[in-house]
Amino acid sequence: MTSHKAKISSGNVGIVIVSHSPDVARGAADMVRQMVGDAIPLAWCGGAPGGGLGTNVEAILSAIERAWSEAGVAILVDLGGAETNSEMAVELLPEERRERVVICDAPVVEGAVMAGTEASAGSTLEQVRSTAEELRAR
Amino acid sequence: MQIDAELQHKLIGTVARCVIDHAEELTALDQAIGDGDHGINMKRGFDAVLADLDKTSALPVNEALKAVGMALVMKVGGASGPLYGTLFMTLGKAFPELPTRAGLAEAFSAAVDAVKMRGKSDVKMKTMLDVLVPVLETLRRSGGDLYAELRATAQWAAEATVPMQAVRGRASFLGARSVGHMDPGARSSWLMVEAVAGVLEGAQSMTGTDKDRAISR
């Protein structure tokens, strides 16, 4: 898993970062990009509908669309509402996509970097999720 | 009494305005034990509901409930969006053809179960469920003045969240420090029950229908 810059491969799992704060989400995405370059589809969103801290189901749906990969999408979230809104967004996806999106139980910044690095190696969605979730016990 | 467009308009409008009017109180409660955004979030959601009120209340009741739920899901911006959104959307999905008391209780029960799933939560965790579940029981069992009993249940149930320690949601971060404050979600649920009971009671006294027929066509 060396950091490398490659063309975005639709074969790699996509990563979505959802934070209550757009600054946190953007910053976490910057860190992932620095690690893996363009090797994975990556999108972020943060903030409530109309602004302010919070999360937005519509924005999460659009981020999933931007980071879409046939290999699936792993979502990293910060606090409770981000998780609940992400679960809601996944349920609103077309049925054939729902199965290929997971929400990782991991800290948002570290989890995104770990998941992104794993995804850039061409790992499966399940591998990406479990790598991110290894951080839980730390 | 039929749930016609006029009554539907009044029900949705009154619930929305009641929550919006109490936004500051909800925020104050949430500042005590959460992240202080419940009032702002709920106001944003119900402002969106009010903006669509004329269109929504012209829909069949099940579609109207789903539309209210979807507006909350899309506009609230916090966990309460999917939670209340799921409540309304499931109520819409399960709404009986003939809204008898038993049929409504069934539908409300399905909606409460969906909220439990969405929030991975249950009673005694200091959440909106601590109001919704007792209200469901009253809807099932009330033998007397249904609307007065629903209001009373919602009130004691919300007040009963004060000494609880939060297990779910942001308030759970506070552990024992969450004790001593009413749960903001319990308060917003109480407000909605009070609004619905008030409107239905008013509609009933206007038409003079007896209680058992009050919520049946």
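Cut-off values and rules
- Residues numbered from 1 in each chain as written.
- Chains lettered and ligands numbered in written order.
- Predicted model: local features only at pLDDT ≥ 70, side-chain atom pairs only at ≥ 80, totals over all residues.
- Heavy atoms only, no water.
- Helix = DSSP H or I, 4+ residues; strand = E, 2+ residues; numbered from the N terminus.
- Buried < 20%, exposed > 50% of the residue type's maximum accessible area, 1.4 Å probe, protein only.
- Contact = heavy atoms within 4.5 Å.
- Areas by Shrake-Rupley, 256 points an atom, 1.4 Å probe, with all protein chains shown as cover.
- Buried area = accessible area lost by both parts, 1.4 Å probe.
- Salt bridge = Lys/Arg side-chain N within 4 Å of Asp/Glu carboxyl O.
- Nonpolar A, V, L, I, M, F, W, Y, C, P; charged D, E, K, R; others polar.
- Phe/Tyr/Trp six-rings, centres within 6.5 Å; stacked < 30°, edge-to-face > 60°.
- Lys NZ or Arg CZ within 6 Å of the ring centre and 35° of its normal.
- Pairing = 2+ DSSP bridges.
- Axes fitted to C-alpha atoms, helices over the stretch in contact; angles between N-to-C directions.

Observations regarding the overall build of chain B
Check the secondary structure of chain B and you find eleven helices and zero strands. Each helix and strand of chain B, ordered N terminal to C terminal, gives the series α-α-α-α-α-α-α-α-α-α-α. With respect to the principal axes defined by its C-alpha atoms, chain B has extents near 50 × 35 × 30 Å. Across the 217 residues of chain B, 56% fall into the buried class. In chain B, of all internal contacts separated by at least 6 residues, the share reaching a separation of at least 24 is 67%. By element, 57% of the accessible surface of chain B is carried by carbon and sulfur atoms, the whole surface being about 9,300 Å².

Some thoughts on the interface of chain B and chain A
On the chain A side, the residues contacting the 16 residues of chain B number 19 residues. For the pairing of chain B and chain A, the buried interface totals around 1,400 Å² over both sides, and the portion due to carbon and sulfur atoms is 55%. Contact with chain A buries surface across chain B, with M74, G77 and R118 of chain B losing the most and accounting together for 38% of the total. Linking chain B with chain A are three salt bridges. A salt bridge links R118 of chain B to E91 of chain A, with the shortest nitrogen-to-oxygen separation between them at 2.9 Å. No other element matches the four residues that helix α5 (residues 61-75) of chain B contributes to the side of chain B that touches chain A. Here the residues of the side of chain B that touches chain A are counted per class, giving eight nonpolar, three polar and five charged.

Structural notes on the packing of aromatic side chains
Following the criterion strictly, the structure yields zero aromatic pairs over all chains and no others. A cation over an aromatic ring shows up here: R97 of chain A above the ring of W68 of chain A, its NZ or CZ 4.1 Å from the ring centre. Lying over the aromatic face of W190 of chain B, R187 of chain B brings its terminal NZ or CZ to 4.2 Å of the ring centre.

Details of the sheet that holds strand β3 (residues 73-77) of chain A
Residue and element names in this part refer to chain A. Across the sheet, four strands lie side by side as β2-β1-β3-β4; this open sheet has parallel pairing. Of all strands in the sheet, those bounded by a partner on one side alone are β2 (42-46) and β4 (101-104). Averaged over all pairs of adjacent strands, the angle between strand axes in this sheet comes to 20 degrees, irrespective of strand direction. Together, β1 (14-19) and β2 form the strand contacts of helix α1 (residues 22-36), whose direction differs from that of β2 by roughly 165 degrees.

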